[in-house]
Amino acid sequence: MIFILIESSACEQILEVKYPERKAMITLNCILTSGDSILMEVKSSQSYPPQSDSTLFIKNASIALYEDQKLIGELKYREADPGIYPLKKKFQYFNYYLTDRIMAESGHSYSVNVSAPGFTDISANTYIPFPVPIISVDTSSVVINYSNSQLKSLECLINFQDPEGKNSYMLSVDRIGRYKMTYYENNVLISKTNTVRYFIPFFCEDPDVVYFRISPGSPGTIPLEKDEKDSWMSEVFITDDSFKNKVYSLRILIPYMLLNDNAYPQNPGEKFTMRKLNIRLYSINDEFYKYARSWYTQVYKKNDMFSEPVGVYNNINNGAGIFSGKSVSVDSSVVVRIYYNPSLK
Amino acid sequence: MRQMKYPVFIILVIILPTEMLGQIHSVAGYIEDKSTGERLIGATIYDSLSNNGSTSNSYGYFSLKCYKGKSDLVFSFIGYKTYRVNLFVRSDTILRVLLDQQTYSLNDVLIEDRTNIIENPFMSVSVLPVNTMKKIPALMGETDVLKSLQTLPGVQAGTEGTGGLYIRGGSPDQNLILLDGVPVYNPDHLYGFVSVFNPDAINNVTLYTGGFPSRYGGRLASVVDIRMKDGNNKAFHLNGSIGLLSSKITLEGPLKNDRTSYLFSARRSWADLITRTIFEKKELPYYYFYDFTAKLSHLFSDRSRIFLSIYTGRDHISSIKTKSEFVSDGVKYIFGQDQYYGWGNITSSLRWNYVFNRKIFSNTSLTLSNYKYFDKKQIDNTNIILITGKTTDYKYLSNYKSGVCDIAFRTDFDLQPMQGHIMKYGAGMILHIFTPYARISLLGSDDSSTETDKVKQSAAEPFIYFEDDIQITNRLRVNAGLRTTGFLVDGRTYRSFEPRLSGRFKLADFHALKFSYSRMKQYMHLLTSSRITFPTDLWVPATAKVEPQLSNQYTIGTFFNLSMNIEISIETYFKSMKGLIEYSEGSSFMDPGNWESKIEKNGIGKAYGLELMIKKNSGKTNGWITYSLAKTERKFNDINSGRWFPYKYDRRFDANIVINHKFNEKIDASATWDFSSGNLFTLITDVYDTYLPKGEQWYIQYFEKRNNYRLPAYHRLDLGINFHRQKKSFYRTWNISIYNAYNHRNVFFVYFGNDDLHGKKGQIVLKQYSLFPILPSVTYNLKF
């Protein structure tokens, strides 16, 4: 009866929110990768709730990049090629780009200043850690329980020596493939072979890893179910809190069904995938780890009214986004059979 | 044992020379209500010849050093006639002082003793008599101890209508709420709309928000010391009331005149009884709460008295019972589900007061406090094959519990070894048993499969304290003390030394400056959501990985006692905290896993503010006005990117006005107005998109810092009027209250949702939910 009374007397109304006077910020997204060309995304934030789904690119920004406090160049705006992103030009979207001849290098610090008409200037600093070599990858075939069934899987134990200091890592697995595509451009039939990197989802039961959950039912979406063991991962992040200065063995499981060429996105045209697994262990700095962890948590929890609010880690002064660095060591020693139609067991 | 030597040594050093002089004797004893035998806490004793004074302690005991020869003793207490006695002191003397209740004229209704504010060395302390509380208009007529405290300076309420106390930047778990010396872990009925303390069974409530005496410890923010009535040892009395929310009855009387008394008090919400009777066959959800308080006291002699008090209370929420059945392929399927949950406290204490050698008063107590949250769910499925009649039962039973249980033993001593010193010292041990999580699941038709998942942690907390109230000069009086504690948990031992100092410097008879410093340590945490407080919040101990909480508080203030019984106090404070915990960003109690993996540890906090109180203590119209200006912030390494952020209950302004007016002997009225800055809320202000690290596009919701938006201010006016009449055999009071008299829609909570109220379903807007509109209520009170 109390609740009936409260319920009948309680009321809901729209709150006239006086949003603080805010003007749009410059947002910068850039993960410098050792040995790779330098490119950044520079966009404008939108006030919440967003009025459109479109991305607000800033095309007239001035961007100065410094390496070890020395100016190494100014980034120019370009509109990248549409379509599947190529190996050396990872982003198919609009971005700022520094020539291929200038590469980011591990062991260096970088800073960036960005200004654009109508926006407050932003700045950020970071460094690129040295890569940590993969000592070895031990493999075996195992059967795992998955959604009340069993999956025959490739178990990989990725061994590496954690160096001194605070370190964080990102791990991903991919295979390189090529496919031929044909299309008309200006009434001319064009035939082209593209090289692509196919990321291989995997399971990782390490309790310390942070990962972006991929729903097995519809890859790319966030599963709402609590049983996280059933989530596939496309990459995992981990800090060395539990294995400082020790050899660590990170265990991942790849169901053989995911090594089936047909499991990959259905690109048009002829397809060929190499048999080597590229196991990539990225050394990342703490800022990148915090960014990934907080961002994944926000995406996963933003509709949970009981959970604490999640602020995505941001190291951009006067703006938002991430400016960080990574370097990679790759192990390509694992060679898999070509599976076209592997059985589930 | 090395810790014990220090206070004992001091006591001996002080006592021996005094006794050797042979010129000073103790006058000690109890101060009691003449008509009920109830012992009076905080009564004042003053020797006008020596200018020496003292106050009665929590058990009504006082001790005063007097020179050999004549003494002119004055005993006074709020609401009682002052009693004066001339003594010729030849030796140590024990007195039993009986004070008559004052019959007030229209112009001298006292609401608090006015001399203490200048004389007392303590600051940040409020004593709120139950009679004053009962005058304050209340939600649905339910006089509420904790909500009454919210009208005092420095005390802020939580959400609308609830009794949560947020004191000087502290969280609710940082309040030590004692019922007859026993901690009460969850003081809420009905999700906090009613507190568990039945005002009819309460004698006295004292609130400390700073300058803590060293006899108290274990929490950072406040001490709410609630003392139950002992029970009338002169005559039988019964009183009761019927309100919209609950009804209550209290019986008290002597079992043996002047020796043994009892008190029983019970309260129960009754709405469920009606709904369950009217809708007998419909299995509707229902809610009830009850509490039961009992106390028995026996006087062996003027020196020795024993008390046994018990409190038990429970909230019970039963959700809808469901039962369904259908037939398919010749099989009849029957599904049934039943679920209820709730929470409750049990506290009890066995206390023994004894006076040694007419000089030393002791209190020894054995106490128990047990708080439990429970959630029981049962699912019964039955399959019947219709042709053969074969029946198969499947049963699932889940029994979830969390809680905390304390068993404590302590002994305390009071003595006045010489003029100008009042000492208190004591020691004790608390055994804590925490059960943050326990679930027993039974599965199968014969309970054959039982799963037990239980987290239980035990800890021991020994403590020892010493304090000395010293009159250094006529102007300067200090209370200095030290409390040392330990906490043994998970094979780790934490130790703490907590110095305390309070003092007053009298600038004039009507004006004093006061100062205080307190270091407080808290070995337990309440794991609670920053968005809303639930009974599901978990009490957890400091562990090997999770440090205890610690605070240092500095306070200074100035106090005036003006003519016309007007008091003014201005206090300013700074408090630093460390060892705070919070759920990690994105975590909640719903998430699986050990609680230690879901929290951020080693948070720090700071709070500072200014508090003003103007109080008119007597007269036809009396009451008080309070104003607080405050700020509180917290910082954790992995929350808000490691930057300071305002605590959710950081309210810049808080003001209260309480006015009582007595029209005549039959009618009195009260009004309270409460204003405070709105709660803080984390408002998403911007979004931006990103493709990192692998190329998927997602929007990131951006807010500059946690709790970045202040919700609209809270304000509310409550009115109440009482009509009293003495009938032939009883005294009755009609109370009419109006809660939220001008029907202001205060924010209960806010959330983002679709603008469906204006038919714009696609548009996201911030919505507020308000709880109580204007709510009139009527209560009928009877006293025999």
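Residues numbered from 1 in each chain as written. Chains lettered and ligands numbered in written order. Predicted model: local features only at pLDDT ≥ 70, side-chain atom pairs only at ≥ 80, totals over all residues. Heavy atoms only, no water.

### Some words on the overall build of chain B
- Of regular secondary structure, chain B possesses five helices and 48 strands.
- With 784 residues in all, chain B has 58% of them scored as buried.
- Of the contacts made within chain B by residues no fewer than 6 positions apart, 65% connect residues no fewer than 24 positions apart.
- Entry remark: accessible area of chain B is about 31900 Å², with carbon and sulfur atoms responsible for 59%. (Helix = DSSP H or I, 4+ residues; strand = E, 2+ residues; numbered from the N terminus. Buried < 20%, exposed > 50% of the residue type's maximum accessible area, 1.4 Å probe, protein only. Contact = heavy atoms within 4.5 Å. Areas by Shrake-Rupley, 256 points an atom, 1.4 Å probe, with all protein chains shown as cover.)

### Describing the overall build of chain A
- Summing up its helical and strand segments, chain A has two helices and 19 strands in all.
- Classification of the 345 residues of chain A by burial places 51% in the buried group.
- For chain A, restricting intrachain contacts to residue pairs at least 6 apart in sequence, the fraction spanning at least 24 positions comes to 70%.
- Here chain A displays about 16900 Å² of accessible surface, and carbon together with sulfur accounts for 51% of that area.

### Some thoughts on unusual backbone geometry
Residue and element names in this part refer to chain B.
- Even without being glycine, asparagine 640 reaches a positive phi, approximately 55°.
- The backbone phi angle of asparagine 740 is positive, close to 60°, even though this residue is not glycine.
- Residue placement: asparagine 740 occurs in the loop between β45 (731–739) and β46 (749–755).
- Classification of asparagine 740 by relative accessible area gives buried; the value is 0%.

### Quick look at the packing of aromatic side chains
- This model, assessed by the stated rule, comprises 39 aromatic pairs over all chains.
- Ring centres of phenylalanine 160 of chain A and tyrosine 248 of chain A lie 6.2 Å apart, and the angle between their planes is 70°; this geometry places the pair in the edge-to-face category. On the criterion of sequence distance, the pair formed by phenylalanine 160 of chain A in strand β11 (residues 149–161) and tyrosine 248 of chain A in strand β16 (residues 247–255) is long-range, its members being 88 residues apart.
- Residue phenylalanine 160 of chain A is classed as buried on the basis of its relative accessible area, which comes to 0%.
- Summarising the aromatic geometry, the rings of tyrosine 288 of chain B and tyrosine 290 of chain B are spaced 6.5 Å apart at their centres and angled 20° between planes, so their arrangement reads as stacked.
- With a relative accessible area of 15%, tyrosine 288 of chain B lands in the buried category.
- With a relative accessible area of 28%, tyrosine 290 of chain B lands in the partly exposed category.
- Its guanidinium or amino end placed over the ring of phenylalanine 307 of chain B, arginine 351 of chain B lies 4.5 Å from that ring's centre, counting from NZ or CZ.
- Seen from the ring of phenylalanine 559 of chain B, lysine 514 of chain B lies directly overhead, with NZ or CZ sitting 4.6 Å from the centre. (Phe/Tyr/Trp six-rings, centres within 6.5 Å; stacked < 30°, edge-to-face > 60°. Lys NZ or Arg CZ within 6 Å of the ring centre and 35° of its normal.)

### Quick word on the confidence of the model for chain A
Residue and element names in this part refer to chain A.
- In this model, chain A carries a mean pLDDT of 78, and residues with pLDDT of at least 70 account for 75%.
- By mean pLDDT, helix α1 (residues 2–9) is the weakest element of chain A at 49, and strand β9 (residues 122–127) is the strongest at 95.
- A low-confidence stretch, residues 341–345 stays under pLDDT 50, and its non-local contacts, those more than four residues away or across chains, total eleven contacts. (pLDDT = per-residue confidence, 0-100.)

### A closer look at a nonpolar patch on the surface
Residue and element names in this part refer to chain B.
- Together, Leu255, Leu296, Leu308, Ile310, Leu350, Leu366, Ile407, Phe409 and Leu431 line one region of the surface with nonpolar side chains, adding up to about 750 Å² of accessible area.
- If you list the elements that add at least two residues to the nonpolar patch, you get β21 (304–318) and β25 (391–415).
- Along the polypeptide, leucine 296 turns up in strand β20 (residues 286–299). (Patch = residues over 30% accessible without salt bridge, like charges linked within 9 Å, V, L, I, M, F, W, Y side chains within 5 Å. Salt bridge = Lys/Arg side-chain N within 4 Å of Asp/Glu carboxyl O.)

### Description of the environment of glycine 165 of chain A
All names here are of chain A.
- Mapped onto the secondary structure, glycine 165 falls in the loop between β11 and β12 (168–185).
- Given the relative accessible area of 43%, glycine 165 is considered partly exposed.
- Along the chain, glycine 165 and aspartate 240 lie 75 residues apart, while their C-alpha atoms are 9.1 Å from each other.
- Setting aside anything within four residues of it in sequence, one finds glycine 165 in contact with Asp240, Lys244 and Asn245.

### Considerations on the nonpolar core
- If you look at the biggest cluster of nonpolar residues, it comprises 34 residues, and the most contacted ones within it are Leu139, Phe193, Tyr371, Leu527, Trp539 and Phe772 of chain B.
- Secondary-structure elements contributing two or more residues to this core are β20, β24 (360–385), β25, β31 (524–527), β32 (538–541) and β34 (566–583) of chain B.
- By size, the runner-up hydrophobic cluster in this structure holds 30 residues, among which are Ile134, Cys204, Tyr256 and Ile279 of chain A. (Core = buried A, V, L, I, M, F, W, Y, C linked by side-chain atoms within 4.5 Å.)

### A look at the sheet that holds strand β1 (residues 24–33) of chain B
Residues and elements named next belong to chain B.
- Read across the open sheet, the three strands follow the order β4-β1-β7; overall the sheet is mixed. A strand with exactly one partner marks an edge of an open sheet, and here the two such strands are β4 (61–67) and β7 (93–99). Strand-to-strand twist across the sheet, computed as the mean angle between neighbouring axes with direction ignored, equals 30°.
- Of the pairings in the sheet, the one linking β1 to β7 comprises seven bridges and is parallel in character. By the bridge assignment, glycine 29 is partnered in β7 with leucine 95. (Pairing = 2+ DSSP bridges. Axes fitted to C-alpha atoms, helices over the stretch in contact; angles between N-to-C directions.)

### Let's talk about the pattern of salt bridges
- The tally for this structure, following the rule as stated, stands at 30 salt bridges over all chains.
- Measuring nitrogen to oxygen at the nearest pair gives 3.5 Å for the salt bridge that ties aspartate 241 of chain A to lysine 166 of chain A. Here aspartate 241 of chain A is found in the loop between β15 (232–239) and β16, whereas its partner lysine 166 of chain A is found in the loop between β11 and β12, with 75 residues between them in sequence.
- Here arginine 477 of chain B ties to aspartate 469 of chain B by a salt bridge, and the two come within 2.7 Å at their closest N and O atoms. The two residues arginine 477 of chain B and aspartate 469 of chain B agree in class, both being buried.
- Through salt bridges with shared partners, one network takes in Asp180, Asp230, Lys295 and Arg351 of chain B.

### Side note on the pairing of strand β17 (residues 237–242) of chain B
Residues and elements named next belong to chain B.
- As defined by bridge partners, β17 adjoins strand β18 (residues 246–256) across six bridges and the pair is classed as antiparallel. Bridge assignment links serine 241 to a residue of β18, and that residue is lysine 248.
- Connecting β17 to the next strand, β18, in antiparallel fashion are three residues.
- Sheet topology places β17 next to strand β48 (residues 775–783); four bridges connect them, and they run antiparallel. Paired with asparagine 239 across the strands is lysine 783, a residue of β48.

### Quick word on the confidence of the model for chain B
Residue and element names in this part refer to chain B.
- Across chain B, the average pLDDT comes to 82, with 87% of residues at 70 or higher.
- No element of chain B has a lower mean pLDDT than helix α1 (residues 2–21), at 41, and none a higher one than strand β30 (residues 511–522), at 94.
- Counted against residues more than four places away or in other chains, residues 1–21, with its pLDDT under 50, gives 22 contacts.
- Note that pLDDT drops below 50 for residues 104–114; the model gives that stretch 46 contacts with residues more than four away or on any other chain.

### Thoughts on the sheet that holds β16 of chain A
Residues and elements named next belong to chain A.
- Strand order in this open sheet of three strands is β10-β11-β16, and the pairing throughout is antiparallel. Looking at the sheet topology across the chains shown, the edges are occupied by β10 (134–146) and β16. For this sheet the average axis-to-axis angle between neighbouring strands, irrespective of direction, equals 25°.
- Pairing analysis gives nine bridges linking β11 to β16, with the strands arranged antiparallel. Residue asparagine 159 lies in a different strand from β16, and its bridge partner there is serine 249.

### A word on helix α2 (residues 286–301) of chain A
- Here α2 of chain A is 16 residues long and its end C-alpha atoms lie 22 Å apart, about the 22 Å a rise of 1.5 Å per residue gives.
- What α2 of chain A keeps buried is the set Phe288, Tyr289, Tyr291, Ala292, Ser294, Trp295, Tyr296, Gln298, Val299, Tyr300 and Lys301 of chain A. (Expected span 1.5 Å × (residues − 1).)

### A closer look at the pairing of β48 of chain B
- Direction of pairing for β45 of chain B relative to β48 of chain B: antiparallel, over a ladder of nine bridges. Its bridge partner being in β48 of chain B, asparagine 735 of chain B is matched across the sheet by threonine 779 of chain B.

### Some details on the environment of proline 131 of chain A
All names here are of chain A.
- By secondary structure assignment, the location of proline 131 is in the loop between β9 and β10.
- Between the C-alpha atoms of proline 131 and serine 34, which are 97 residues apart in sequence, the distance is 8.7 Å.
- Aside from chain neighbours lying at most four places away, what touches proline 131 is Ser106, Ser283, Ser327, Val328 and Ser329.

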